[in-house]
Amino acid sequence: MEEFRAKISVVVPCYNVEKYIEQCIESVINQTIGIENIELILIDDASVDGTVLKIMQYVKKYPDNIIFIRLEKNAGQANARNIGMDMVHSPYFFFLDSDDWISLDYCEKMLQAASEEVVDLVQCGYKEYKEYADIELIEKEILADDEGIKKIVIDTITERKEFMKNYGLAGVIGRTVFRTAWIRQTEIRFEHFTKYEDNYFSSLIQFQFHTICLVPECMYYYRILKKSNSHARNDEGHFERLSVELELIKYYQINGFFDLYYEEIRDQFIYRFYRNTLHIIFCQFDELPMELIKSMQQTVTSLFPDYMKSFKIEENILDDLSLTLLYDFPQSVLEQLRQGYLDWLIEGRYENYAKLLARMWRSWGISQIEKNCK
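Calculation rules
- Residues numbered from 1 in each chain as written.
- Predicted model: local features only at pLDDT ≥ 70, side-chain atom pairs only at ≥ 80, totals over all residues.
- Heavy atoms only, no water.
- Helix = DSSP H or I, 4+ residues; strand = E, 2+ residues; numbered from the N terminus.
- Buried < 20%, exposed > 50% of the residue type's maximum accessible area, 1.4 Å probe, protein only.
- Contact = heavy atoms within 4.5 Å.
- Areas by Shrake-Rupley, 256 points an atom, 1.4 Å probe, with all protein chains shown as cover.
- Salt bridge = Lys/Arg side-chain N within 4 Å of Asp/Glu carboxyl O.
- pLDDT = per-residue confidence, 0-100.
- Expected span 1.5 Å × (residues − 1).
- Arc of directions from axis to C-beta.
- Axes fitted to C-alpha atoms, helices over the stretch in contact; angles between N-to-C directions.
- Parallel < 35°, antiparallel > 145°, perpendicular 65-115°, else oblique.
- Left-handed = near helix turned anticlockwise from the far one by under 90°.
- Nonpolar A, V, L, I, M, F, W, Y, C, P; charged D, E, K, R; others polar.
- Pairing = 2+ DSSP bridges.
- Right-handed = clockwise from strand over helix to strand, strands pointing away.
- Phe/Tyr/Trp six-rings, centres within 6.5 Å; stacked < 30°, edge-to-face > 60°.
- Lys NZ or Arg CZ within 6 Å of the ring centre and 35° of its normal.
- Core = buried A, V, L, I, M, F, W, Y, C linked by side-chain atoms within 4.5 Å.
- Disulfide = S-S within 2.5 Å.

This paragraph deals with the overall build of the protein chain. A count of helical and extended segments in the protein chain gives 14 helices and ten strands. In the protein chain, which comprises 374 residues, the share counted as buried stands at 54%. Restricting to contacts in the protein chain with at least 6 residues of sequence separation, those with at least 24 account for 79%. Accessible surface for the protein chain amounts to roughly 17700 Å². Of this, 48% is attributable to carbon and sulfur atoms.

The final tally for this structure, using the stated rule, is twelve salt bridges. Two residues, Asp97 and Arg81, come together in a salt bridge whose shortest N-O distance is 3.2 Å. With Asp97 in the loop between strand S4 (92–95) and strand S5 (101–102) and Arg81 in helix H3 (residues 77–86), the pair connects residues that are 16 residues apart, well separated along the chain. A relative accessible area of 16% places Asp97 in the buried class.

The subject of this paragraph is the confidence of the model for the protein chain. Here the protein chain averages 84 in pLDDT, while 83% of its residues score no lower than 70. Under a pLDDT of 50 for its full length, residues 349–354 has, in the predicted model, twelve contacts with residues more than four places off or in other chains.

Spanning 14 residues, helix H11 (residues 290–303) covers 20 Å between terminal C-alpha atoms, matching the ideal 20 Å at 1.5 Å per step. Along H11, the residues that are buried comprise Ile293, Met296, Gln297 and Val300. Angular distribution of buried residues about the axis of H11 spans 100°; they occupy a single face of the element. Pointing more than 90 degrees away from the buried face of H11 are the exposed residues Glu291 and Ser302.

Let us now look at the packing of helix H8 (residues 240–254) against H11. In the contact formed by H8 and H11, the axes pass within 13 Å of each other and the chain directions differ by 15°. Taken together, the axes of H8 and H11 lie roughly parallel to each other. Crossing geometry of H8 relative to H11 is assigned as left-handed. Mapping the contact onto sequence places Leu242, Leu246 and Ile249 in H8 and Leu292, Met296, Thr299 and Leu303 in H11. Per-class residue counts for the contact of H8 with H11 are six nonpolar, one polar and no charged.

What follows deals with the pairing of strand S3 (residues 66–70). The sheet contact formed by strand S2 (residues 38–44) and S3 spans five bridges and is parallel. The residue of S3 that forms the bridge with Ile41 is Ile67. Tracing the backbone out of S2, into helix H2 (residues 51–61) and back to the parallel element S3 gives a crossover that is right-handed.

With that settled, consider the environment of Phe285. As for its placement among the helices and strands, Phe285 is situated in the loop between helix H10 (262–284) and H11. The buried category is assigned to Phe285, whose relative accessible area is 7%. With 52 residues separating them in the primary sequence, Phe285 and Arg233 have C-alpha atoms 6.1 Å apart. Apart from residues lying up to four places away in sequence, Phe285 is in contact with Arg233, Asn234, Asp235, Glu236, His238, Phe239, Ile280 and Arg338.

So, about the packing of aromatic side chains. For the coordinates displayed, the defined rule picks out 25 aromatic pairs. On the numbers, 5.1 Å between centres and 5° between planes, the contact of Trp101 with Tyr221 is stacked. Of this pair, Trp101 sits in strand S5 while Tyr221 sits in strand S10 (residues 211–224); the two residues are 120 residues apart in sequence, bridging distant segments of the chain. Here Trp101 matches Tyr221 in class, with each residue buried. Taken together, a centroid distance of 5.8 Å and an interplanar angle of 85° make the contact between Phe178 and Phe201 edge-to-face. Placement of Phe178 in strand S9 (residues 176–179) and of Phe201 in helix H7 (residues 197–205) is noted, with a sequence separation of 23 residues between them. With relative accessibility at 2%, the residue Phe178 sits in the buried group. Each member of the aromatic cluster is reached from another via a ring pair, and the members are Phe93, Phe95, Phe178, Phe190 and Phe201. The ring centre of Phe209 lies 5.5 Å from the NZ or CZ of Arg160, which sits over that ring.

If you look at the biggest cluster of nonpolar residues, it comprises 71 residues, and the most contacted ones within it are Phe178, Phe201, Ile205, Phe209, Tyr252 and Ile265. What Phe201 contacts, discounting residues up to four positions off in sequence, is Met85, Ile173, Phe178, Ile183, Ile188, Arg189 and Phe190.

This part covers the state of the cysteines. Such a bond, covalent and formed between the sulfur atoms of two cysteines, is termed a disulfide. Evaluation of the coordinates by the stated rule reveals zero disulfides. In this structure Cys14 is a free cysteine whose sulfur lies 6.7 Å from that of Cys24, the closest cysteine sulfur available. Overall, the relative accessible area of 1% leaves Cys24 in the buried class.

So, in structure tokens, the structure goes:
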């Protein structure tokens, strides 16, 4: 059996991040397991700022532990991730975005869970840091702290459905450590979307893995920038997420997952294709793209004629923006709904959906919506 020099590899795609790359790299080289046990793979995607100069300072200091690739032409984050995956020599690896960072015990705790249980994946919680909002870190837990590490084995369709319902794999991809041999066996790659390539990758993973460990601690720090890929204002590139979700539907249909996991795929699709995109439109666009919204509604109702079954009143699903699927709203009304939504977000009460919905839907009557949903 091949002897691995490092215990874990870190794949970091970089592009014009001179302001953040040092914090990112420092969080890796100062890990409690020691830099000697880490393989750091940095792929610069043709940066035009001082990113490369800062990277080279670390390459010179840690030549045995850092692999640095500089691409001549910018080809996107998906391409950089694929290149990095191919260069991994360790039994485990993970992706770290170049403007993010990890806790100093991330590798130690994630490797401990992976090694003791020998699983395909290990996931932990993460913390969001909205740099432009001047707010405290927001924790996104995967488990309650008192649960400890949880191992889940999936051998049946029922078990996979249960996992998709309770956990899922969407979210910040850096909070996941992969077993290298397993990921190569699956032959799953990042498709060359310019944005949301991680949504595609993690969605394929959810149908392939058999064992996973969930670590309750929030150890990945996700920096949200105002001009980042997923938060840039009035950027129509946001709508590539729609293409990603439609490509996933094709994949599910071709590989026989669509019928087996119809309800789970339906609910994920409505949430990510429609609800999350509407959230982005409300938050990131000055003018509402009414034709696009109408097209999104038609796509959902065409693919999933039973979309109403996703709305379960007893689970307080009235708090979901997906309910706008029920109406062909004029722009003036949707603007009112958008403003109500933004008011609550700005006030820092994003999780208080019940009050949000009461405000959003008062003029239309909650009782009428409940009637339509029954």
